[in-house]
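Breakdown of the fold
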Amino acid sequence: MAQPVTNLGVVPKLATDEDFDHFKKLAESDDGWTRQYDSNGIVVWTATTENSSIKLLRVQHVFRDISTEVLYDVIHDPDYRREWDEHMVDGFEICTLDATNDIGYYSVACPFPVKNRDFVNMRSWRVTDNEYIIFNHSVRHKDHPDKKGFVRAFSFLTGYLLRAQEDGSCGFSYLTQTDMKGWIPAWVTNKAAVFFAPKIVEKLDKVSRGYIEWKQQNKPEWKPWLHPEQMTTPTPLEELAVSESS
């Protein structure tokens, strides 16, 4: 895989169908991928790209007895994430851009002696008849510069492709190319990504099975990722006042 993983830049712009189709191609293509792990139905691949020494990682799995709709809600729901993500320090929506694009902040605790990391990411999503795509990439936001006590990490591209199966299970592909910045060498990041990838699947499997019961007790009708009328008022892109060099 000789090309950059994405042409999305640090200036927020609304995702296009071409962007979603490119993500889908990365999730499904066999070109340039090397299998690194295959056990218990979880397959982990890596690919080299020209834009970074950090490898693009892909995880594929089929979630049995978990519907695509439930897994999609679990990935989106910020309140539920606070319940199960023990590594999250903080996470919140900075602004919405339209019905399927927003910008958010997320910070994560890292083990000593590694300094905690944070992200400012733009997230985009698309739903078709039996297919759900969510992806993010790092952007700049004038009200959220680098924060004291954290290293600002960078997501080139991170996201999910979920596809409903005939038996009601959920086909799952997860992609990420994330530079944790700081002093961590690329080879350490690449090795750690392969090691932790199966744990992402295992965690999602566990928390998805408890989501329906939890949601019934926690704002069951609130799903702005499905109901745009529940979203905050969108911020026009021109008000973000960000440039590639800022």
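Now for a look at the structure at hand.

The rules behind these values
Residues numbered from 1 in each chain as written. Predicted model: local features only at pLDDT ≥ 70, side-chain atom pairs only at ≥ 80, totals over all residues. Heavy atoms only, no water. Phe/Tyr/Trp six-rings, centres within 6.5 Å; stacked < 30°, edge-to-face > 60°. Buried < 20%, exposed > 50% of the residue type's maximum accessible area, 1.4 Å probe, protein only. Lys NZ or Arg CZ within 6 Å of the ring centre and 35° of its normal. Salt bridge = Lys/Arg side-chain N within 4 Å of Asp/Glu carboxyl O. Helix = DSSP H or I, 4+ residues; strand = E, 2+ residues; numbered from the N terminus. Expected span 1.5 Å × (residues − 1). Bend = angle between axes of the 7 residues up to and from the residue. Pairing = 2+ DSSP bridges. Axes fitted to C-alpha atoms, helices over the stretch in contact; angles between N-to-C directions. Parallel < 35°, antiparallel > 145°, perpendicular 65-115°, else oblique. Contact = heavy atoms within 4.5 Å. Nonpolar A, V, L, I, M, F, W, Y, C, P; charged D, E, K, R; others polar. Core = buried A, V, L, I, M, F, W, Y, C linked by side-chain atoms within 4.5 Å.

1. Description of the packing of aromatic side chains
- Taken as a whole, this structure holds 13 aromatic pairs when the rule is applied.
- Ring centres of F195 and F196 lie 5.0 Å apart, and the angle between their planes is 85°; on these two criteria the pair is classed as edge-to-face.
- For F196, a relative accessible area of 48% translates into the label partly exposed.
- Here the aromatic cluster, defined as three or more aromatic residues joined through ring pairs, consists of F63, Y160, F172 and Y174.
- In this arrangement the basic side chain of R58 is found over the ring face of W33, its NZ or CZ atom lying 4.2 Å from the centre.
- Its end group placed over the ring of W45, R58 keeps NZ or CZ at 5.2 Å from the ring centre.

2. Things to note about the pattern of salt bridges
- Throughout the structure, instances matching the rule amount to 20 salt bridges.
- For K13, the salt bridge identified is with D19, shortest N-O distance 3.9 Å.
- The class of K13 is partly exposed, set by a relative accessible area of 37%.
- The closest approach of N and O atoms between R126 and D17, which form a salt bridge, is 3.3 Å. Linking R126 in strand 6 (residues 117–127) with D17 in helix 1 (residues 17–28), this pair joins segments that are 109 residues apart in sequence.

3. With respect to helix 4 (residues 186–208)
- Over its 23 residues, helix 4 extends 32 Å from the first C-alpha to the last, a length consistent with the 33 Å expected when each residue adds 1.5 Å.
- For helix 4, the principal kink sits at F196 and spans about 35°; a proline, P198, occurs within the next four residues.
- Those residues of helix 4 lying buried are T189, N190, V194, A197, P198, V201, L204, V207 and S208.

4. Digging into the pairing of strand 2 (residues 42–49)
- Most of strand 2 is tucked away, with 7 of its 8 residues classed as buried.
- Note: strand 1 (residues 34–39) against strand 2, 5 bridges, orientation antiparallel. Its bridge partner being in strand 2, D38 is matched across the sheet by V43.
- Turn length for the strand 1-strand 2 hairpin, with the two strands adjacent in sequence and antiparallel, is 2 residues, and the turn residue N40 shows positive phi of about 55°.
- Both strand 2 and strand 3 (residues 52–63) contribute to a ladder of 6 bridges, which runs antiparallel. Looking at the pairing, T49 lines up with S52 of strand 3.
- What sits between strand 2 and strand 3 in their antiparallel hairpin is a turn of 2 residues.

5. Focus on the packing of helix 2 (residues 68–76) against helix 4
- As a packed pair, helix 2 and helix 4 sit with axes 10 Å apart at the nearest point and diverge in direction by 105°. In terms of axis orientation, helix 2 runs roughly perpendicular to helix 4. Contact with helix 2, carried on its side by V70, L71 and V74, involves L204, V207 and S208 of helix 4 and no other residues of that element.
- In the contact of helix 2 with helix 4, the residues fall into 5 nonpolar, 1 polar and no charged.

6. Points about the pairing of strand 3
- As paired strands, strand 3 and strand 10 (residues 170–179) are joined by 7 bridges and run antiparallel to one another. By the bridge assignment for strand 10, V62 is matched with G171.

7. Focus: unusual backbone geometry
- Note the cis peptide between F112 and P113, where omega equals 10°.
- Looking at where P113 falls in the secondary structure, it is placed in the loop between strand 5 (101–108) and strand 6.
- Backbone geometry at D65 places phi at a positive 60°, although glycine is not the residue there.
- Here D65 is to be found in the loop between strand 3 and helix 2.

8. Quick look at the nonpolar core
- L71, L162 and F172 are the most contacted members of the largest nonpolar core, which has 30 residues in total.
- Formed by 16 residues, the second largest nonpolar core is a distinct cluster that contains L8, L26, V43 and A47.

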